[in-house]
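Secondary and tertiary structure notes
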Amino acid sequence: MSNQSSDPLAAVEALLAAVDGGLVLPPPAERVRLREAAGLTQAAVAQALGVRLPSIQAWEDGRAEPKPERLQAYWHLLKGLAQRYPAPPASPVAPPVSACAQPPAAAPTVRPERFADTHSTPRRVSASRRPGAPKAAAAGTAAKAAVDPRFVNGPLLVVDVEDDGQVVAYGVGGLVLDVPAKSIPALVDWTLKEAKLGQSKLSGSGKDADPLLVLTEAALERYGLPVTLTQQERVAGRLPEGHQVIKQLGRANWLLTKRGFGPWARIYRPAQGSERACVQLCIPSWRALDSRHWGDAAQLPPAELAQLLGTYASRVMTPRGSTAVTGLELMTALHPPTRASEPDADGKRTSEHNPGSLGKDPVDCAPCEAPDGHPLLADLPRFHVRGPGEKLFEEAYDWARPMTDAECTLRHLVGIDVNMAFAAGANGLVVGLGAPMHVKAPVFDAKLPGSWLVDLSHVDLSRVKVAKDTWAELDASLLPSPFTPKGERPEGPAWYATPTVAYAVELGYEVRPIEGWVRNESGRYLDGWYNRLRDAYLATMADLGVDADLSPADFLAAMDGYQERDPQLAIVVSAIKATVKGGLGKLRERPRGEGWRPGERWRALARPTWRPDIRAAVISRTRINLHRKIVKHAAFTGQYPIAILSDCVVYAATGTSPLDFLPYRDGKPLPGGFKLGINPGLVKHEGTQSVLWGEEVRDRFNAPELNLARYIKDGTVTDIDNGE
């Protein structure tokens, strides 16, 4: 639906009719304010009015006005919102003070004119970046999220210095506070006592998130900190202990965590009862926001950076460090290790183990699950290389094969990518919660998480079970093995995680484990983590115009160029994806420097969340989920993948779209096969190149099995595939 009229005279007549009918709309900025005040997304308004998302964006940007058939409905919506959310007064108004709050004189200085006008920066802050704005349950409705009175100013502030020298802090929703603090210790005090900053706990037995301050380069200079770290400081990851700001903190009785004063510094005092005194700093110019995951967020103006990080915080959690650290911390925030017990006879409560959590004490992994250099392997010869019979090796696919003659006659190579594949692999997965138990010659139990030494070399992919009592004849030479990351068929006993062995049984083959390390205490530990990240991803993609209920063709159209619709929201999507992969990676964090030597313990081993077995189980299930779809697709269509890289699969096709090779009947996909859509586990279009391109690239590098999935997105190949 176009917003630009091709007939200027008709547009003028419509405008005059609006004047005559009393339907003159408020200015664009007020339209945005009203929608944001109600917590409505642009997508919800578009759905209610029966228009496309770009129409609402154009009306709010002032680039176009509604056509007559939509004008009255839009005017009625804005009028109703104006009655519910009148404009704030123009004169300065102090924020509301609760009965238990500090006296008004101690409250932070709020600039209400900026609070009302969220467009004071050159780039308009759209409602889709409004933190906490819930997706409407139905067209034209929205539920206002409850605001914790302790944290009325949100989870974080971006601290900057204006041209006149005034230190200010930008928050979510256009909030701007004057900051009176003259030093870092004073800034920490102000944050804890006056800023009303933080985030409510995600679990009943959890803890509230500590406030986060993001320091711009100007703020760093004001508070005596370097704008950039030296090479030596970057390697160390922190400022030297003798730095003047660290001395200031010490004199004020503030402490730093073991990571010191680095890009993600945590400044605290020991907790007094249930009261926590901790503030986290994020310093973008010290590379706190990795550009691989946060794009150009570090270069954004302060107000826009506050909106971006605030959106991530409201949908995922307040960042606790890198996306990987945050992903791991999210697991603990949703499943705290302890909880308060029931009152005893004297009415007192004590701390006790929280069922379903990993507890507060670390557990050793099984020897087969231990990475090289682990203390459990200290007795191995120095240059010993462990084989499949000694080491659990569950990793994502990196497989490719030469094209057949028939495939070479087709014109295109089409890549499809599984959305949030590793998150989908974690959904509903039963993992071990406690220490492993060694068993000899066990009977395999698909419900028992653990690692199994078993020979799967007899599983023949040329004949597999694809449904109950239904077998399929396949060309095994065109399929990767589901049991190894490189797709080779196993040659003897090897260690596998439970999902891998269970899949061999599902394919119709008997398994007889030789030994195992199993965990009888188990649960679906990652379900809450998956749900939180799934909801964050879907809500953000919906704000970008990609909804979960689109038809396959509409979904592909909506995905085309979605990142350009709102580059900042696209950064949030990238950070959410990185939180998934990074959090799982942290479950098997390796030593980094720290003066570590093989056979010695490293810092991460002291965490109860150092669990390589859980990481292996998620990756195993993710790879098996993908192979299952590939087998279903091959059995139904006779089409086989040419290359697979992690969650991307490449097929030869007659056309450029996934719809040219994915089977759909009456709009419904093949049961158990690939399905287009935005939900985790469904697939999207990754990229299309020509078959000639693929053959030319492989000829150029004399590599007939070059993994084309690595380059399918844009076709750029700068060097031979090195597996990275």
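Right, let's walk through the structure included here. (Residues numbered from 1 in each chain as written. Predicted model: local features only at pLDDT ≥ 70, side-chain atom pairs only at ≥ 80, totals over all residues. Heavy atoms only, no water.)

This next bit is on the packing of aromatic side chains. The relative placement of two aromatic rings is captured by the distance of their centres and the angle of their planes. What the rule picks out here adds up to ten aromatic pairs. Centre to centre, the rings of Trp 596 and Trp 602 are 5.6 Å apart; their planes meet at 90°, and the pair counts as edge-to-face. Classification of Trp 596 by relative accessible area gives partly exposed; the value is 23%. Taken together, the aromatic side chains of Trp 596, Trp 602 and Trp 610 make up a single cluster linked through ring pairs. The ring of Trp 254 has Arg 269 sitting right over it, with the charged end atom 3.7 Å from the ring centre. Over the aromatic face of Trp 471 sits the side chain of Arg 463, whose NZ or CZ is 4.2 Å from the ring centroid. (Phe/Tyr/Trp six-rings, centres within 6.5 Å; stacked < 30°, edge-to-face > 60°. Buried < 20%, exposed > 50% of the residue type's maximum accessible area, 1.4 Å probe, protein only. Lys NZ or Arg CZ within 6 Å of the ring centre and 35° of its normal.)

Moving on to the environment of Pro 641. When you line up the elements, Pro 641 lands in the loop between α21 (612–637) and β21 (643–645). C-alpha separation for the pair Pro 641 and Tyr 651, spaced ten residues apart in sequence, amounts to 5.0 Å. Not counting residues up to four positions away in its chain, the partners in contact with Pro 641 are Trp 399, Arg 401, Leu 478, Leu 479, Pro 480, Ile 630, Val 649, Val 650 and Tyr 651. (Helix = DSSP H or I, 4+ residues; strand = E, 2+ residues; numbered from the N terminus. Contact = heavy atoms within 4.5 Å.)

The five strands are arranged β11-β21-β22-β12-β25 in an open sheet whose pairing can be described as antiparallel. Looking along the sheet, the strands with just one partner apiece sit at the ends: β11 (398–400) and β25 (683–690). Taking the axes of each pair of neighbouring strands and ignoring which way they run, one obtains an average angle of 20° across the sheet. For β11 and β21, the ladder comprises three bridges, and the chain directions are antiparallel. Bridge pairing in β21 places Asp 398 opposite Leu 645. Across the sheet, α21 touches β12 (412–418), β21 and β22 (648–653), and the angle it forms with β22 is around 15°. Running at roughly 70° to β25, helix α22 (residues 691–700) makes contact with β11, β12 and β25 of the sheet. (Pairing = 2+ DSSP bridges. Axes fitted to C-alpha atoms, helices over the stretch in contact; angles between N-to-C directions.)

On to the pattern of salt bridges, then. Inspection of every chain in the model, using the stated rule, returns 33 salt bridges. The salt bridge partner of Arg 463 is Glu 473, with a shortest N-O separation of 3.5 Å. Placement of Arg 463 in strand β16 (residues 463–467) and of Glu 473 in strand β17 (residues 470–473) is noted, with a sequence separation of ten residues between them. With relative accessibility at 38%, the residue Arg 463 sits in the partly exposed group. Through salt bridges with shared partners, a single ionic network connects Glu 369, Arg 519, Arg 611 and Asp 613. (Salt bridge = Lys/Arg side-chain N within 4 Å of Asp/Glu carboxyl O.)

Time to look at helix α5 (residues 68–84). An ideal rise of 1.5 Å per residue puts 24 Å on 17 residues; α5 measures up with 25 Å between its terminal C-alpha atoms. Of all the positions in α5, only Leu 71, Tyr 74, Leu 78, Gly 80 and Leu 81 are classed as buried. (Expected span 1.5 Å × (residues − 1).)

Quick look at the environment of Glu 407 now. With respect to the helices and strands, the residue Glu 407 is situated in helix α14 (residues 405–408). For Glu 407, a relative accessible area of 10% puts it in the buried group. Distance in space between the C-alpha atoms of Glu 407 and Gln 639 is 9.4 Å, their sequence separation being 232 residues. Excluding residues that lie within four positions of it along the chain, Glu 407 makes contacts with Arg 401, Pro 402, Tyr 640, Ile 642, Ala 652 and Val 691. There is a polar contact of 2.9 Å between the side chain of Glu 407 and the backbone nitrogen of Thr 404. (Polar contact = N/O pair within 3.5 Å; in protein donor to acceptor, adjacent residues only side chain to side chain.)

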